[in-house]
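# Observations on chain architecture
Listed below are the residues making up each chain.
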Amino acid sequence: MSWETVIGLEIHVQLATKSKIFSGASTAFGAEPNTQACAVDLALPGTLPVLNAEAVRMALLFGLAIDAEIPKRSVFERKNYFYPDLPKGYQTSQLAEPIVGAGHIDIDLADGSSKRIRIHHAHLEEDAGKSLHEDFAGQSGIDLNRAGTPLIEIVTEPDMRSAEEAVAFAKKLHAIVTTLGICDGDMSQGSMRFDVNISVRRPGEPLGTRTETKNLNSFRFMEDAIRYEVERQIELIEDGGRVVQETRLYNGETKTGRSMRSKEDAHDYRYFPCPDLLPVVLEPGYLDQLRATLPELPDAKQKRFVEQYGLSAYDAGQLSAERATAEYYEQVVASCGDAKLAANWIMVDLAAALNRSELALAQSPVASSQLAGIIARIKDGTISSKIAKQVFELMWKDGGTADEIIEQKGLKQVSDSGAIEKIVDEVIAANPQQVDNYRNAAEDKRPKMLGFFVGQIMKASQGKANPQQVNEILLKKLEG
Amino acid sequence: MNLHDLTLAQTARALADKQFSSREVTQHYLDRIARLDKTYNSFITVTAEQALAEADAADARRAAGNAAFLTGVPFAHKDIFCTQGVRTSCGSRMLDNFISPYDATVVAKYREQGLVMLGKTNMDEFAMGSSNETSWYGPVKNPWDTGCVPGGSSGGSAACVAARLAPGATATDTGGSIRQPAALCGITGLKPTYGRVSRWGMIAFASSLDQAGPMARTAEDVALLLGAMAGFDPKDSTSLDRDVPDYAAALGNELAGLKIGVPKEYFGAGLNPQTAERVQAALREYEKLGARLVEISLPHSHLAVPAYYVIAPAECSANLSRFDGVRYGYRCENPQDLMDLYCRSRAEGFGEEVKRRILVGAYALSAGFYDAYYRKAQQVRRLIQQDFVEAFKEVDVIMGPTSPSPAFAFGAKGSDPVAMYLEDIYTIATNLAGLPGMSLPCGLVDNKPVGLQVIGNYFDEARMLNVAHRYQQVTDWHAQAPAGVMA
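These numbers were taken from a predicted model, which means no experiment stands behind them.

Check the secondary structure of chain B and you find 15 helices and eleven strands. Scaling as 2.2 N^0.38, a compact globule of 487 residues should have a C-alpha radius of gyration of about 23 Å, and chain B matches this with 21 Å. Relative to its 487 residues, chain B shows a buried fraction of 61%. Long-range contacts, defined as pairs at least 24 residues apart, comprise 76% of the intrachain contacts of chain B with a sequence gap of at least 6.

A few words now on the overall build of chain A. A tally of helices and strands in chain A yields 15 helices and 15 strands. Taking all 480 residues of chain A together, the buried fraction comes to 39%. Expressed as a percentage of contacts within chain A between residues at least 6 apart in sequence, the contacts between residues at least 24 apart total 69%.

What follows is about the interface of chain A and chain B. Listed by partner, the interface residues are 24 residues for chain A and 34 residues for chain B. A class-by-class count of the residues in the side of chain A that touches chain B yields 16 nonpolar, three polar and five charged.

Here the focus is the sheet that holds strand β14 (residues 272-273) of chain A. Within a sheet, adjacent strands bond to each other through the backbone by hydrogen bonds, running parallel or antiparallel. Residues and elements named next belong to chain A. Spatial ordering of the open sheet is given by β4-β3-β14, a layout of three strands whose pairing is antiparallel. At either end of the open sheet lies a strand with only one pairing partner, and these are β4 (90-93) and β14. In terms of strand pairing, strand β3 (residues 77-80) meets β4 through four bridges, oriented antiparallel. Bridging across to β4, glutamate 77 finds its partner in serine 93.

On to unusual backbone geometry, then. Residue and element names in this part refer to chain B. A cis amide bond links glycine 152 with the next residue in sequence, serine 153, at an omega value of 10 degrees. As for its position among the elements, serine 153 is in the loop between β3 (116-121) and α5 (155-162). At arginine 164, a position not held by glycine, the phi torsion is positive, near 60 degrees. Arginine 164 gets classed as buried once you count the C-beta atoms within 10 Å, which come to 22.

All names here are of chain B. Mapping leucine 225 onto the fold places it in helix α7 (residues 219-229). Residue leucine 225 is classed as buried on the basis of its 29 C-beta neighbours within 10 Å. Expressed as a C-alpha distance, the spacing of leucine 225 and alanine 169, which sit 56 residues apart in the sequence, is 8.4 Å. Apart from the residues within four sequence positions on either side, leucine 225 is in contact with Leu8, Gly168, Pro214 and Ala216.

Attention now moves to the domain arrangement of chain A. Split by domain assignment, chain A resolves into domain 1 (4-288), domain 2 (296-409) and domain 3 (417-479). Taking only C-alpha atoms into account, the centre of domain 1 of chain A sits 64 Å from that of domain 3 of chain A.

This part takes up the packing of helix α9 (residues 304-319) of chain B against helix α12 (residues 371-391) of chain B. Residue and element names in this part refer to chain B. Two elements in contact, α9 and α12, have axes separated by 9 Å at closest approach and are oriented at 125 degrees. On the basis of the axis angle, α9 is oblique to α12. Here the hand of the crossing between α9 and α12 comes out left-handed. In contact with Ala304, Ala307, Val310, Ile311 and Ala314 of α9, α12 contributes Tyr373, Tyr374, Ala377, Gln378, Val380, Arg381 and Ile384. Across the contact of α9 with α12, the residue classes break down as ten nonpolar, one polar and one charged.

To continue, consider α9 of chain B. Taking 1.5 Å per residue as the helical rise, α9 of chain B with its 16 residues ought to reach 22 Å, and the 22 Å between its terminal C-alpha atoms agrees with that figure. Burial of α9 of chain B is extensive: 14 of the 16 residues sit out of reach of the surface.

Residues and elements named next belong to chain A. For the pair helix α2 (residues 163-180) and helix α3 (residues 219-238), interaxial distance at closest approach is 9 Å and the crossing angle is 155 degrees. Put simply, α2 runs roughly antiparallel to α3. Viewed along their axes, α2 and α3 form a crossing whose handedness is right-handed. Where α2 approaches α3, its residues Ala163, Ala166, Val167, Ala170 and Lys171 are matched on the opposing element by Phe219, Met222, Glu223, Ile226 and Arg227.

The next point concerns the sheet that holds strand β9 (residues 150-156) of chain A. All names here are of chain A. Pairing is mixed in the open sheet, where eight strands are placed in the order β5-β6-β9-β1-β10-β11-β12-β13. Of all strands in the sheet, those with a lone pairing partner are β5 (103-108) and β13 (256-262), marking the two edges. When the angles between neighbouring strand axes are averaged without regard to direction, this sheet yields 30 degrees. Of the pairings in the sheet, the one linking strand β12 (residues 246-251) to β13 comprises six bridges and is antiparallel in character. Each residue of the ladder has a partner; that of leucine 249, found in β13, is arginine 258. Lying on the sheet, α2 is in contact with β1 (4-14), β5, β6 (114-126) and β10 (192-201); it crosses β5 at an angle near 115 degrees.

Mapping methionine 192 of chain A onto the fold places it in strand β10. Apart from the residues within four sequence positions on either side, methionine 192 of chain A is in contact with Ile11, Val13, His174, Cys183, Gly185 and Met187 of chain A.

Attention shifts here to the pairing of β6 of chain A. All names here are of chain A. Pairing of β5 with β6, which is carried by six bridges, proceeds in the antiparallel orientation. Paired with glycine 103 across the two strands is isoleucine 119, which belongs to β6. Here β5 folds back onto β6 in antiparallel fashion, the turn holding five residues, of which glycine 112 has a positive phi close to 90 degrees.

Attention shifts here to α2 of chain A. With 18 residues, α2 of chain A extends 26 Å between its outermost C-alpha atoms, agreeing within 8% with the 26 Å of an ideal straight helix rising 1.5 Å per residue. Positive phi appears at glycine 181 of chain A, one or two residues downstream of α2 of chain A, with a value of about 75 degrees.

Low pLDDT marks stretches whose predicted atomic positions should not be read closely. Taken over all residues, the pLDDT of chain B has a mean of 97, while the share at 70 or more is 100%. Scored by ipTM, the complex comes to 0.96, with pTM at 0.90.

The next point concerns the pairing of strand β11 (residues 448-456) of chain B. Residue and element names in this part refer to chain B. When you tally the buried positions in β11, you get nine out of nine residues, the bulk of the element. In terms of strand pairing, strand β9 (residues 397-401) meets β11 through five bridges, oriented antiparallel. Along β11, the bridge assignment pairs glycine 400 with glutamine 453. Bridging between strand β10 (residues 437-445) and β11 involves eight bridges; their strand directions are antiparallel. Bridge pairing in β11 places glycine 443 opposite valine 450. In this structure, the hairpin formed by β10 and β11 is closed by a connection of two residues, where aspartate 446 is found at a positive phi of approximately 55 degrees.

Rules used in this analysis
Residues numbered from 1 in each chain as written. Chains lettered and ligands numbered in written order. Predicted model: local features only at pLDDT ≥ 70, side-chain atom pairs only at ≥ 80, totals over all residues. Helix = DSSP H or I, 4+ residues; strand = E, 2+ residues; numbered from the N terminus. Rg over C-alpha atoms; globule rule 2.2 N^0.38 Å. Buried ≥ 20, exposed ≤ 12 C-beta atoms within 10 Å, placed from the backbone. Contact = placed C-beta atoms within 7 Å. Nonpolar A, V, L, I, M, F, W, Y, C, P; charged D, E, K, R; others polar. Pairing = 2+ DSSP bridges. Domains from an automatic or database assignment. Axes fitted to C-alpha atoms, helices over the stretch in contact; angles between N-to-C directions. Parallel < 35°, antiparallel > 145°, perpendicular 65-115°, else oblique. Left-handed = near helix turned anticlockwise from the far one by under 90°. Expected span 1.5 Å × (residues − 1). pLDDT = per-residue confidence, 0-100.

Structure below.
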């Protein structure tokens, strides 16, 4: 009998505010330890929090984007526990009255269908600092730069049934928050962190006991961690064991998981409303104002890309997933005029080059206008697709416009039929045996043999001969 | 004439008239502190050198013609207010080594107006106590009877004013910590409306109840000190954006027609009969001034102490979590590991009463008890507030005793926390409701002062000060000094 996997996610999304959620200190990543921690972040005696309105705006934007219920009022609470990187001894978070209520996100499945994942709620809270265990023999260092960085924690219903669905959801969520501009989406720096709740059951049975695997910060680790944990739970049960409710960690390098703490060790966080902060009460009309500022969301953009540019749903999904990609794509299309070529170049050549150099699109050495220049020269026949790849490599390495590179390197396609004819004649004259073979061959064998001559001709023209013309002239001469 | 005979307002006027310099009056008080405070222990830290430098700066400012009314006037800060570069201990071993790197808003405002800080006053540890016996720095002695407590938690501020070691002082009140010590030391003190004075830089005990206010000998002095500290502060989300009136301007208004509510619940069992008599006499004095007494009921009064002793400990249990030995303050010797660091730093750094309240608060908030304690207490709090809202539909101010009896002997209530908590039975309700309350001297019992409590409506401090001032125009209880301190 088969097993059904049940997955729910909790996602911490760092909001891209300039300053912290309750203090004026900067949120920029990568500064020297403790240089971006002010008196409030250090929890000096007597300090008080003041809520950053921008964090509220961003959380509400997310709520609007997922079509959530948004209550008029939300309340910050204190979540009490001791940890050295938690300076106040409590985290200011939300529990009973979160800023964003129930909503949903639709994901696309491999079979082309779509599935609705329900969001239970999303709440605002502050991030903790970091404990640094290296560099201090027998001691730990504390860096409070991150303490007080605004987060929204998004909690889904247990609506996902496989690692693929969970990853599809995570990618969609990434697309939404980056499109909204409320998160930089940089998972390697912890801007989005996933906690995965997993249980297995026989189809139709009640939910099994779940475990929570915490702090996964890449789509691949998340997928691996889910597969690992599902397998572990199934093996455990099939061997007569029982899943224990616990919090687990997954090591993406060794591909193994381990228990962090069991339910028995769970904290009593003693939540209560924070008396230093007033409830957040939305002014009438504020949500409408905010809704008017919503950018085109990934779902709508994907639909438009299919309709406007004639892309497949898959390609449209790829190109609309990230705001930066979508903008880049539309810029290329606007200046080169070929939506399909633009899509191919971005998803294949540009993506591969970025991947090789481990760069984000924003860091691409080839700007949208430059790529559009290459595509335009393919379209007007100045260069072949093959030469275009050469132009692209040169552009990636040394910069410059397509026209400059084509000019400097003499890569212009030869479309002068006289010049091509001359080369064809030379190749035919130099290869009498092959010509004979061709002419004596059966009709259906000939196209394959043609490749030899084309190759010789292209070689002689250094790849610049217009392939279409080469074919036409060659056929005429051989079949003569 | 001795400089310390002068009230704070008289001192300010004399400075304006150039009868003496700020340096002279500052030096005078510093000399008195050096000579007398060994007896009272009202200061934790005396900042003599800094005070004289500030006095010189104040004199220079006056010479340059841009002095504010209170420029050059000496005073003391309760050691709960963060003062840049000066130890801010909050009466606790936990912060004995803590030099604040920043100023509380109240401190910054006084600094800006050129008041001269003589030092930081003693207090119950983290403002938890009604006798000043919980201070790490030892108890403060009541200047009226050094065998008795000065009240708390602002006992140091009250005692230093009563002993004429400063003409005024700042204080804080979470459940009566300004009014009760003011009553027991025979001075005038006011706890403003919650949100009237910024809490930024004031070390939190119970955030929803804490409020700073002034102590001095007269209502006029208190009006001046309050005006200098009140106002909206963007750094405190719970401070309220309302104009600060000129509190001194309305002091002289007539009281004819004033309706004074007298809650019957404030004169029941538990009130010392002689204290009751002095308060009744004060009420009769108000009738002579043209006021009308109206008996009112605050039916949920008996629930104030129990509700308070859930809410205040709950908030303090979280507020005091930051004192963990990690970043500043007391750290135990040779911690073996993180848990040891936490446990011993807190066990050794905090005193018994603070630990008791942290435990009570953590318990009240814990899973399974939250609804029965914390949530219920918040519901009671709303009922208590509603009692006052109803009462203020009928009356202008409410009056009664500040505390059930005059100052008691050291150790008298030490073994019974609940007996100590009942010290604040008449003051706690106003904190729960967020209302302003003040205490002014209205008599002596066995040569120990009795306080009259005046409770006002929200932001009605000007009227309360007017009511207190008019009384002080026709009585002299506020002008009486403990034997021996005037020399």
